[in-house]
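One-letter residues, chain by chain:
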Amino acid sequence: MLLLQIRKQRWVTFSFIITLILIIYSFSYNNDSFVEKYDFPIIKQFPKMPHSKKNPVTISGVELGRFLFYDPILSIDSNMSCSSCHRQSHAFSYELNYVITPKELHLNGRRSILPLFNLAWSSTYFWDGRVTTIEEQVFHPVRNKNEMNSNWLLIEKRINRSDFYKNKFKNVFGNKRIDSVMIAKAIAQFERTLLSYNSKFDKVQNNEAKFTKDEQEGYELMLNKNKGNCFSCHTTGVNDLKGEKAFANDGGNTEKELKLLPDRGRELVTKKMTDIGKFRIPTLRNIGLTAPYMHNGIHDNLEHVINFYSDGIQVNNNIDGRINNAHAGGVHFTTIEKRKIALFLLTLTDSSFITNKAFSNPFENEKNK
Ligand code: HEC
Ligand code: HEC
């Protein structure tokens, strides 16, 4: 009897201690994930944002990625950062057409800088879609001879020597040697937070604003299947075109030119003849900020792009059937119609995105402290 009671007492103490440990553990665990998890805004007019299971976004991860994005430490001569080409004032693109033929693809052409926002919804990246995750993308500019011309061993060494980064990496990834995968993950976390959803176009969708008459008519000209037919290719939401639907030839070349293209676009990835001259169908969001236009920056301003779709279409074997009236050079908008289309396109500019302090250069904030 006595023995049984002692056993019972022991059992009670034992379970008490275990419960206590569990409570403390769950508290610290919850607390951790509560403090750390980055809270993405809910955006009514967009589909649910896809998340990466392999790279959950945390507040300290985003902060670290933001520093790395703005830090020339990633380039060989320490003179170029991601932000040299991807500038917030231009929706994270830049007007210089100073770009870039990925060395590994042996191109001789140049490519214009893609803007960076709402990236999580895309399933392929770059003008030819040669990369399928944001994390993997980070490896490209760092290695590219025309971009940062650096190598990861060098960068890893530099960052492992920096006390500033050592502390920040420890907060995000624990006490491990800093490697390129962690660097890419942190930058990708910051990139995932670059969300643009506050243009006039969004406000109209959410019934918080109204288009002017001209903007509305421009929108309708673009929607109209027999006129612009623009939205049968371009999305008005996030850029969530999947697979081969994400690429098209919009009639920029004659058949003869197509055969001699210095940059063959999607064909570089798929090796299919039918993909020569096909390029990623880009988002029209923030289009007023991201000149020059097209993969090779051939058009300096929106007026030129609209003139191209109106009167400058060239026919080739790979041209997309959704380009109306291609054999006659385009749909021939009137001058007034062109103006209305341009006015509509400018409603896609999100000025709160390019002034959002959460995305600006964090080193400037450090200096001002
Ligand atoms: C010298 C200019 C330059 C630098 C520096 C640069 N980029 Fe880019 N970026 C480009 C160009 C040009 C493209 C389009 C290239 C292509 O399609 O082949 C691009 C494309 C991208 C894309 C694909 C976007 C999309 O929608 O497909 C991402 C993401 C990106 N860059 C992130 C970065 C990051 C992160 C860094 C720093 C590690 C960086 N870039 C450094 C010029 C640059
Ligand atoms: C067949 C699909 C298709 C249709 C229809 C289409 N586009 Fe495009 N658009 C594209 C592709 C593909 C590109 C990129 C072409 C390139 O890089 O050479 C592009 C590029 C653009 C760009 C430049 C984007 C940038 O970031 O450089 C603008 C602006 C544009 N289109 C507006 C329009 C307008 C306005 C219409 C309707 C009059 C239209 N598009 C119809 C497929 C299409």
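These numbers come from a predicted model, not from an experiment.

Q: Help me get a handle on the overall build of the protein chain, residues and values and all.
A: What the protein chain contains, in helices and strands, is 16 helices and two strands. Taking as baseline every contact in the protein chain between residues at least 6 positions apart, the subset at least 24 positions apart corresponds to 68%.

Q: Let's hear about the site of ligand 1: which residues, and what values?
A: Lining the immediate surroundings of ligand 1 are 27 residues, of which Cys82, Cys85, Tyr125, Phe126 and Pro141 lie closest. Of all elements in the fold, only α3 (82-85), α4 (134-137), α5 (139-143) and α8 (180-192) reach the threshold of two or more residues within the shell around ligand 1. At three residues, α3 tops the list of elements feeding residues into the shell around ligand 1.

Q: Describe the nonpolar core, and please don't skip the residues or the numbers.
A: Residues Leu68, Phe117, Ile183, Ala186, Ile187 and Leu194 are the most contacted members of the largest nonpolar core, which totals 41 residues. Among the secondary structure elements, those contributing two or more residues to this core are α2 (59-69), α3, α6 (152-161), α7 (163-173) and α8. It is α8 that provides the largest number of residues to this core, a total of seven residues. Dropping the residues within four chain positions of it, Ile187 is found in contact with Gly65, Leu68, Phe69 and Val138. By size, the runner-up hydrophobic cluster in this structure holds 18 residues, among which are Ile287, Tyr309, Ile341 and Leu345.

Q: A description of the site of ligand 2 should follow, citing residues and the corresponding values.
A: The local shell around ligand 2 holds 26 residues, among which Gly228, Cys230, Cys233, His295 and Asp320 are the closest. For the shell around ligand 2, the element with the most residues is helix α13 (residues 302-311), which contributes three residues.

Q: An account of the packing of α2 against α7 is needed here, citing residue identities and associated values.
A: Put simply, α2 and α7 touch, their axes get as near as 9 Å, and they point 145° apart. Along this stretch, α2 crosses α7, giving a crossing that reads as left-handed. Contacts between α2 and α7 involve Ser60, Gly61, Leu64 and Phe67 from the first element and Lys168, Phe169, Asn171 and Val172 from the second. Residue composition of the contact of α2 with α7, by class: four nonpolar, three polar and one charged.

Q: Explain unusual backbone geometry residue by residue, including any values.
A: Backbone phi values are negative for most residues with the exception of glycine, while trans is the configuration of most peptide bonds. The peptide bond linking Ala291 to Pro292 adopts the cis configuration, its omega dihedral lying at 0°. Its location among the elements puts Pro292 in the loop between β2 (279-280) and α13. The phi dihedral of Ser78 falls on the positive side, at around 50°, and the residue is not glycine. Secondary-structure assignment places Ser78 in the loop between α2 and α3. Ser78 sits in the partly exposed class, given 13 other C-beta atoms within 10 Å. For Asn286, which is not a glycine, the phi torsion comes out positive at approximately 60°. With respect to the secondary-structure elements, Asn286 resides in the loop between β2 and α13.

Q: Which residues make up the packing of helix α10 (residues 213-223) against helix α14 (residues 335-346), and what values do they have?
A: It is the contact of α10 with α14, at a shortest axis distance of 7 Å, that shows an interaxial angle of 100°. Between α10 and α14, the crossing angle belongs to the class labelled roughly perpendicular. On the side of α10, the interface is formed by Asp214, Glu215, Glu217, Gly218, Tyr219, Leu221 and Met222, while α14 contributes Glu337, Lys340, Ile341, Leu343 and Phe344. Here the contact of α10 with α14 is built from residues that sort into six nonpolar, one polar and five charged.

Q: Give me the confidence of the model for the protein chain: which residues, what numbers.
A: On average, the protein chain scores 88 in pLDDT, and the residues at 70 or more come to 86%. Confidence over residues 26-35 falls short of pLDDT 50; this stretch has zero contacts with residues more than four positions distant or in other chains. Counting contacts from residues 104-109, a segment whose pLDDT is below 50, to residues more than four positions away or on other chains yields 11 contacts.

Q: Describe α14, listing the residues and the values that go with them.
A: With 12 residues, α14 should cover 16 Å at 1.5 Å per step; its first-to-last C-alpha distance of 17 Å lies within 8% of that length. Here α14 has its buried residues at Lys340, Ile341, Phe344 and Leu345. Axial view of α14: buried residues confined to an arc of 140°, hence all on one face. Those residues of α14 that are exposed and aimed more than 90 degrees away from the buried face are Thr335 and Ile336.

Q: So what's going on with the environment of Ser93? Residues and values would help.
A: Mapped onto the elements, Ser93 comes out in the loop between α3 and α4. For Ser93, a count of 21 C-beta atoms within 10 Å puts it in the buried group. Residues Ser93 and Ala291, 198 residues apart in the sequence, show an inter-C-alpha distance of 8.5 Å. Each residue touching Ser93, except ones within four places of it in the same chain, is listed here: His86, Ile113, Leu114, Pro115 and Thr290.

Conventions adopted
Residues numbered from 1 in each chain as written. Chains lettered and ligands numbered in written order. Predicted model: local features only at pLDDT ≥ 70, side-chain atom pairs only at ≥ 80, totals over all residues. Helix = DSSP H or I, 4+ residues; strand = E, 2+ residues; numbered from the N terminus. Contact = placed C-beta atoms within 7 Å. Near = placed C-beta within 6 Å. Core = buried A, V, L, I, M, F, W, Y, C linked by C-beta atoms within 7 Å. Buried ≥ 20, exposed ≤ 12 C-beta atoms within 10 Å, placed from the backbone. Axes fitted to C-alpha atoms, helices over the stretch in contact; angles between N-to-C directions. Left-handed = near helix turned anticlockwise from the far one by under 90°. Nonpolar A, V, L, I, M, F, W, Y, C, P; charged D, E, K, R; others polar. Parallel < 35°, antiparallel > 145°, perpendicular 65-115°, else oblique. pLDDT = per-residue confidence, 0-100. Expected span 1.5 Å × (residues − 1). Arc of directions from axis to C-beta.

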